[in-house]
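Descriptive structure summary
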Amino acid sequence: MSDYNFAYLDEATKRMLRRAILKAVAIPGYQVPFSSREMPMPYGWGTGGVQVTAACLVPEDTLKVIDQGADDTTNAVSIRKFFARVAGVATTEATAEASIIQTRHRIPETPLSEGQILVFQVPIPEPLRFLEPRETETRTMHALEDYGLMQVRLYEDIARHGEIARAYAYPVRVQGRYVMDPSPIPKFDNPKLNMSPALQLFGAGRECRIYALPPFTHVESLDFEDYPFQPSKAADQACAICEAADSYLDEVITDDTGGRMFVCSDTDYCAARVAARQGDAA
Amino acid sequence: MSALLTAGFSDPAREGARAFRQVLDAMAHPGRIVTLEGVSAPAPCSDAAAIALMILADSTTPLHLAGAHDCPAMREWVAFHLGAPLCAPQHAGFALGTWQALGELSTYQQGVPEYPDRSATLIVELDQLHNEGVRLSGPGIEREAWLNLPDPGALQRNAARFPLGCDLMFTSGKTLAALPRSTRIEVPDVCRR
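Every residue gets a number counted from 1 within its own chain, in the order that chain's sequence is written. To read the labels, note that chains go from A and ligands from 1, taken in the order they are written. With pLDDT at 70 or above as the cut-off, local features in this predicted model cover only qualifying residues; side-chain atom pairs require 80 or more to be listed or tallied, and sums for whole chains, interfaces and linings still use all residues. As a rule here, side-chain values cover all heavy atoms of the structure and leave hydrogens and water aside.

This paragraph deals with the domain arrangement of chain A. Residue and element names in this part refer to chain A. Domain start and end points were adopted from an automatic or database domain assignment. As far as domains go, chain A holds domain 1 (11-130 + 168-219) and domain 2 (233-282). A separation of 26 Å is found between the C-alpha centroids of domain 1 and domain 2. The interface is formed by 15 residues belonging to domain 1 together with ten residues belonging to domain 2. Should a side-chain nitrogen of Lys or Arg be within 4 Å of a carboxyl oxygen of Asp or Glu, the pair is scored as a salt bridge. The interface formed by domain 1 and domain 2 includes zero salt bridges. Two N or O atoms count as a polar contact when they lie within 3.5 Å, although within protein this holds only if one can serve as hydrogen donor and the other as acceptor, and sequence-adjacent residues are included solely when both atoms are side-chain atoms. Our enumeration of links across domain 1 and domain 2 arrives at seven residue pairs in polar contact (both at pLDDT 80 or more). Here the term charged refers only to Asp, Glu, Lys and Arg, the term nonpolar to Ala, Val, Leu, Ile, Met, Phe, Trp, Tyr, Cys and Pro, and the term polar to all other amino acids, Gly among them. The class makeup of the residues in the side of domain 1 that touches domain 2 is five nonpolar, four polar and six charged. Pairs of residues are marked as contacts when any of their non-hydrogen atoms sit within 4.5 Å.

Right, here's the structure in full:
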């Protein structure tokens, strides 16, 4: 243990975060403004997620941190070590063993269970921001439930490309009310948001917003009757390491002559499959 | 002056964190009854209500003490442990009291369409909490949950204002259950008079 207060933040900051988190849970999909603190890492490295995790952590927690599905990349390793140091919590790479999972841009392949908390790092929380840059306007649009602009944007995609071209940060509608940015997860992960038994919390540090999906909340990806939502991944490919055909794959360039391979983005899922296969072989 | 001021958490950061996880669990699963321990407050305040205030309220959150909860012992406890300014119902971020003492829900801040989060959280003291009475459904509830609510009609009107409205916590002794504004409330026919 260190000389830091438990989970780094001071108690007054934690109370402010707790109040924002409870309001976010009470109004699913609505972005609650909060007074984001400067954290010992730069904006864009998950300061929002780190603050939400710090406000929720208890000493008995087991924490998992993933970055694009991987447990072993810089962002994931540094945040995991940060909380091991300032909160003294146990850490794991196994999805099923974790009580809190902080994630950047993925939802684990292993289905989440009741009692788990998934904390998303969010760069731009406002789904309407690239359509309307003024905060005053987007706020009014949410208040009036005026999401026509977003439907037009999706329609223009179809007119131009023949399909809805958005592959990540695909907008969703929560419980038939708020349109929400699910953070830049691939749209392959969108169906996992719906009726999840886990509590899903979203923290945007630079933009000072927290929002939430309580367990068992209806989350619908926006689409049209004649152009239904399609959760896609690399077509007709399986993981080159574990041969999974049902997981989200990263394309890895292996040389400068066009060589490439597809591997699971979720390293824990992939490693567990390989270990199970080796166990069978032995 | 009361003779003794009751103590707060012996380890505020860790015990407060554990208490918040219980409250978060309750708010994320409307109707679920959780147990809070570690702090006792002067009568008539329940331990659970005192702990909820201790982990959420401070000098930045105006607090309304209703009815019998507005007593010298409680005022001293709030001044020492929370530092929250006491205020009238219409200005309150948090309010504490029995259902009768708290009065009309519409007196409290409901939030505004642009900022529905700017609404009061009411901590309602009940004699007991049990999982029967009215049927709850909505976010946080897989199929259905049940909870004894003091006035289902008023709470249905509160839920009908979604995304505006108050959020409620019900406390009794060391137990707490939450009812966010997003929860649908149905009164079974047998209970209707």
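On we go.
Attention now goes to the interface of chain A and chain B. Accessible area lost upon the coming together of the parts serves often as the stated size of an interface. Opposite the 41 residues of chain A that make contact, chain B presents 42 residues. Here chain A packs against chain B, burying approximately 3,300 Å² in sum over the two surfaces, 63% of which is carbon and sulfur. Summed over both partners, the accessible surface that disappears when two parts come together, traced with a 1.4 Å probe, is what is meant by buried area. Taken as a group, Arg19, Leu22 and Lys23 of chain A account for 19% of the area that chain A buries against chain B, more than any other trio of residues on that side. With its nearest N and O atoms 3.5 Å apart, the salt bridge here joins Asp58 of chain B to Arg19 of chain A. Our count for the contact surface shared by chain A and chain B stands at 17 residue pairs in polar contact (both at pLDDT 80 or more). By definition, any uninterrupted DSSP run of H or I lasting at least four residues is a helix, any uninterrupted run of E lasting at least two residues is a strand, and each is numbered from the N terminus. Secondary-structure elements contributing two or more residues to the side of chain A that touches chain B are α1 (11-26), β1 (32-33), α2 (47-56) and α4 (135-143) of chain A. Tallying contributions element by element places α1 of chain A first for the side of chain A that touches chain B, with eleven residues.

With that settled, consider the packing of aromatic side chains. Aromatic rings from Phe, Tyr and Trp, with only the six-membered ring used for Trp, were paired whenever their centres fell within 6.5 Å, and each pair was classed as stacked if the ring planes differed by under 30 degrees, edge-to-face if by over 60, and tilted otherwise. In total, this model carries eight aromatic pairs over all chains according to the counting rule given. When the centroid spacing of 5.6 Å and the interplanar angle of 50 degrees are considered together, the rings of Tyr30 of chain A and Tyr178 of chain A count as tilted. Remark: Tyr178 of chain A occurs in strand β7 (residues 178-180) and Tyr30 of chain A occurs in the loop between α1 and β1; sequence separation between them is 148 residues. Overall, Tyr178 of chain A belongs to the buried group, its relative accessible area being 1%. Our definition puts a charge over a ring when NZ of Lys or CZ of Arg is within 6 Å of the ring centre and also within 35 degrees of the ring normal. Its end group placed over the ring of Tyr115 of chain B, Arg118 of chain B keeps NZ or CZ at 3.6 Å from the ring centre. Buried means the residue's accessible area, taken with a 1.4 Å probe over protein chains only, is under 20% of the maximum for its type, while exposed means over 50%, and partly exposed covers the values in between.

Let us now look at the sheet that holds strand β2 (residues 62-67) of chain A. In a beta sheet, neighbouring strands pair by backbone hydrogen bonds and run either parallel or antiparallel. Residues and elements named next belong to chain A. Strand pairing requires that DSSP identify at least two bridges connecting the strands. A sheet is described by the order of its strands in space; here seven strands give the open sequence β1-β9-β8-β5-β4-β2-β3, paired in mixed fashion. Of all strands in the sheet, those bounded by a partner on one side alone are β1 and β3 (90-91). Seen against the sheet, α2 touches β2, β4 (100-104), β5 (117-121), β8 (199-204) and β9 (209-213) and runs at an angle of roughly 130 degrees to β8. Running at roughly 160 degrees to β2, helix α3 (residues 74-86) makes contact with β2, β3, β4 and β5 of the sheet. Fitting a line to C-alpha atoms yields each axis, with helices limited to the stretch in contact; the angle taken between N-to-C directions then spans 0 to 180 degrees.

With that settled, the discussion passes to unusual backbone geometry. Cis geometry marks the peptide bond from Ala43 of chain B to Pro44 of chain B, where omega comes out at 5 degrees. Among the secondary structure elements, Pro44 of chain B is positioned in the loop between β1 (34-35) and α2 (47-56). That bond from Phe162 of chain B to Pro163 of chain B is cis: its omega, 10 degrees, falls within 30 degrees of zero. Turning to its location among the elements, Pro163 of chain B is positioned in the loop between α5 (152-160) and β9 (167-172). In this structure, Tyr8 of chain A takes a positive phi of about 70 degrees despite not being glycine. Of note, Tyr8 of chain A is situated in the segment before α1.

The subject of this paragraph is the side chain of Gln110 of chain B. Residues and elements named next belong to chain B. One can find Gln110 in strand β4 (residues 110-112). Here Tyr108 takes part through its backbone oxygen, which lies 2.8 Å from a polar atom of the side chain of Gln110. The contact partners of Gln110, leaving out residues within four places of it in the chain, are Leu105, Pro116, Arg118, Ser119, Asn158, Arg161, Leu164, Gly165, Cys166 and Arg181.

The next point concerns the confidence of the model for chain B. pLDDT gives the predictor's per-residue confidence on a scale running from 0 to 100. Scored by pLDDT, chain B has a mean of 95; 96% of the residues are at 70 or more. Confidence metrics for the complex model read pTM 0.96 and ipTM 0.96.

Moving on to the packing of α1 of chain A against helix α1 (residues 12-28) of chain B. Their axes nearest at 10 Å, the elements α1 of chain A and α1 of chain B cross at an angle of 5 degrees. With respect to their mutual orientation, α1 of chain A and α1 of chain B come out roughly parallel. Mapping the contact onto sequence places Glu11, Lys14, Arg18, Ile21, Leu22 and Val25 of chain A in α1 of chain A and Pro12, Ala13, Gly16, Ala17, Phe20, Val23, Leu24, Met27 and Ala28 of chain B in α1 of chain B. The residue inventory of the contact of α1 of chain A with α1 of chain B, partitioned by class, reads eleven nonpolar, one polar and three charged. Any angle between 65 and 115 degrees counts as roughly perpendicular, while under 35 counts as roughly parallel, over 145 as roughly antiparallel, and the rest as oblique.

Here we come to the environment of Glu243 of chain A. Residue and element names in this part refer to chain A. With respect to the element layout, Glu243 can be found in the loop between β10 (219-221) and β11 (249-253). We classify Glu243 as exposed; its relative accessible area is 55%. When residues no more than four places from it in sequence are discounted, the contact partners of Glu243 are Ala238, Arg273 and Arg277.

Of all hydrophobic cores here, the largest spans 91 residues; its most connected members are Ile21 and Phe83 of chain A. Beyond its immediate chain neighbours, meaning those up to four positions away, Phe83 of chain A contacts Val50, Thr53, Ala54, Leu57, Leu63, Gly88, Val89 and Gln102 of chain A. Remark: nonpolar core denotes a set of buried residues (Ala, Val, Leu, Ile, Met, Phe, Trp, Tyr, Cys) joined through side-chain atoms within 4.5 Å.

Residue and element names in this part refer to chain A. Inspection of the entire model under this criterion finds 33 salt bridges over all chains. The salt bridge involving Asp71 is made with Lys64; its shortest N-O contact spans 3.1 Å. Note on accessibility: Asp71 and Lys64 belong to one class, buried.

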